[in-house]
Protein chains: 2
Amino acid sequence: MVRKYKHDDITSYALGATLVMELMSRRPNAVRNIYISPKSDVTAVTDLAERLGINVVESEKAFNILSPKGNCFVIAEFDKFASHISGDKHHVVLVNPSDSGNLGTIMRNVAAFEHYDLAVIRPSVDPFDPKTVRASMGAVFGINFEMFDSFDDYRNKFGEHAVVPFMLGGKPLSEYNFDGAKNYALVFGNEATGLDRDFFKYGAVEIEQSKNVDSLNLSVAASIGMYVAAHAADKIDKR
Amino acid sequence: MVRKYKHDDITSYALGATLVMELMSRRPNAVRNIYISPKSDVTAVTDLAERLGINVVESEKAFNILSPKGNCFVIAEFDKFASHISGDKHHVVLVNPSDSGNLGTIMRNVAAFEHYDLAVIRPSVDPFDPKTVRASMGAVFGINFEMFDSFDDYRNKFGEHAVVPFMLGGKPLSEYNFDGAKNYALVFGNEATGLDRDFFKYGAVEIEQSKNVDSLNLSVAASIGMYVAAHAADKIDKR
């Protein structure tokens, strides 16, 4: 039965019709159950669930537990899954991200800039927390992402990527010469503490900004980095 | 006395020590009262308030009304103020923004990229809503921003700025030739509806992205636009 989400659970929840549809489209085999509120009219969801052979449960209780505010009428319970990144793409590497909103937003932006996969170095906020899932707007079900126990573990697997750490005190991003023939690993630190000074050895860059603010929000910094690197390296899809 | 915030009120509230300190530093004359919780130890705030001659009230009730979750120990009540933008800077123009989180985040990014002022076309989410104030991390007190009743009103005042609307179907942003001698107005539409097709007459640009996602979040799109335009026009502070 449904219960409040805990990090150690093997299943998590996607709340709301948009996320549930995205989940069923991208990861149909991960879906265990779909709960619909007796008040709801979610035939698009129930029709697709029926075609996919997914169990649909009408239950008020699930919503009391998972969505006490009452603005959600469909919930999917899904199995957490392993996802792997590819050596053929650029990588965004998040070292110890601590905010589910940032991680989810960055997942969404990785989906938007399709030349990237996402690596996450533990300890990290939970990528399957319903809050992350919501902030990703379902991108968690579509992108490639992989969790690593340390940056060294990541490097052992992907040693060929050119590492570009984003750090205050680095070279201005606009002066960095990205090379279209290389794959890059754009590395971003924790929201509060940034990256360890050791990362300077890779040749750090900084997004030029005023001294009026502490630093750019992590998801904003990551999107600017992704856009600029993909363009400078002339790899982005021009449609 | 303190009451729940309403859009028509002439005062609003800044919740938490960080925002209150930013408010006192940037807009000391706008502060009416500071409420501190009897449980709190906020001497940095009360010392500065005393130096500025600002009234400090110890009150449990203010927190019950404005911060029922109880994770905030200092609140400032401030007079809403008029702020004006300058013709000498680039402008970010938000047409009918509807989300306080987006508006606040864009305010924060305008503070980060110091070559911009912010114009907002009504109808708009309230720039003084405590949620906007919080999302701005206090930038609302430091940046120049101005509200206009229509885009025409904005153009009547700032007709010299080169208008660059961000629209799906526009020319790729990376191919747009920004001219360092010009001031630009980067125009972004409402989160759900975008800009009216009329704006194509100015020569629209599009941030190149995958078809996997509907569109970039407004605050992400605005930050990428601000960074790229300021750099392409070679106006950004290289420190």
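The structure presented is a predicted model; accordingly, all values stated were derived computationally and were not measured.

What counts, and at which threshold
Residues numbered from 1 in each chain as written. Chains lettered and ligands numbered in written order. Predicted model: local features only at pLDDT ≥ 70, side-chain atom pairs only at ≥ 80, totals over all residues. Heavy atoms only, no water. Helix = DSSP H or I, 4+ residues; strand = E, 2+ residues; numbered from the N terminus. Contact = heavy atoms within 4.5 Å. Buried area = accessible area lost by both parts, 1.4 Å probe. Salt bridge = Lys/Arg side-chain N within 4 Å of Asp/Glu carboxyl O. Polar contact = N/O pair within 3.5 Å; in protein donor to acceptor, adjacent residues only side chain to side chain. Nonpolar A, V, L, I, M, F, W, Y, C, P; charged D, E, K, R; others polar. pLDDT = per-residue confidence, 0-100. Buried < 20%, exposed > 50% of the residue type's maximum accessible area, 1.4 Å probe, protein only. Arc of directions from axis to C-beta. Patch = residues over 30% accessible without salt bridge, like charges linked within 9 Å, V, L, I, M, F, W, Y side chains within 5 Å. Areas by Shrake-Rupley, 256 points an atom, 1.4 Å probe, with all protein chains shown as cover. Lys, Arg positive; Asp, Glu negative; His and termini not counted. Charge placed at Lys NZ, Arg CZ, Asp CG, Glu CD.

Draft legend 1. Structural context of the side chain of S37(A). Summarising the element assignment, S37(A) is placed in the loop between β2 (31-36) and α2 (43-52). In contact with S37(A), other than residues within four places in its own chain, are E58(A), S59(A), E60(A), F63(A) and F73(A).

Draft legend 2. Focus on the interface of chain A and chain B. At the interface, 31 residues of chain A touch 31 residues of chain B. Together, the buried faces of chain A and chain B total about 2900 Å²; carbon and sulfur atoms form 57% of this surface. Across the chain A-chain B interface, the total number found is zero salt bridges. Applying the counting rule to chain A against chain B returns 12 residue pairs in polar contact (both at pLDDT 80 or more). Taken together, the elements giving at least two residues each to the side of chain A that touches chain B come down to α4 (100-112) and α7 (218-232) of chain A. Counted by class, the side of chain A that touches chain B contains 12 nonpolar, nine polar and 10 charged residues.

Draft legend 3. Expanded view of unusual backbone geometry. A cis amide bond links R122(A) to the next residue, P123(A), at an omega of -5 degrees. One non-glycine residue with positive phi stands out, namely N96(A), at about 60 degrees.

Draft legend 4. Geometry of the confidence of the model for chain A. Residue and element names in this part refer to chain A. Taken residue by residue, chain A gives an average pLDDT of 91. The fraction at 70 or more is 96%. Across residues 234-239 the pLDDT falls below 50, and counting only partners more than four positions away or on other chains, this stretch makes 20 contacts in the model. Predicted complex, confidence summary: ipTM 0.82, pTM 0.86.

Draft legend 5. Spatial organisation of helix α2 (residues 43-52) of chain B. Residues and elements named next belong to chain B. Residues of α2 that are buried include every one of V45, T46, L48 and A49, and no others. Taken end-on, α2 shows its buried residues confined to a sector of 165 degrees, consistent with a single buried face. Structural note: α2 exposes E50 and R51 on the side pointing more than 90 degrees away from its buried face. Residues of α2 that are buried make contact with α1 (17-26), β2 (31-36), β3 (55-58) and β4 (74-79). Positive backbone phi, approximately 70 degrees, marks G53, located one or two places after α2.

Draft legend 6. Seen up close, a positive patch on the surface. Together, K4(A), K69(A), K131(A), R134(A), K4(B), K69(B), K131(B) and R134(B) make up a positively charged patch on the protein surface. Elements with a contribution of two residues or more to the positive patch: α5 (130-135) of chain A together with α5 (130-135) of chain B. We classify K69(A) as exposed; its relative accessible area is 78%.

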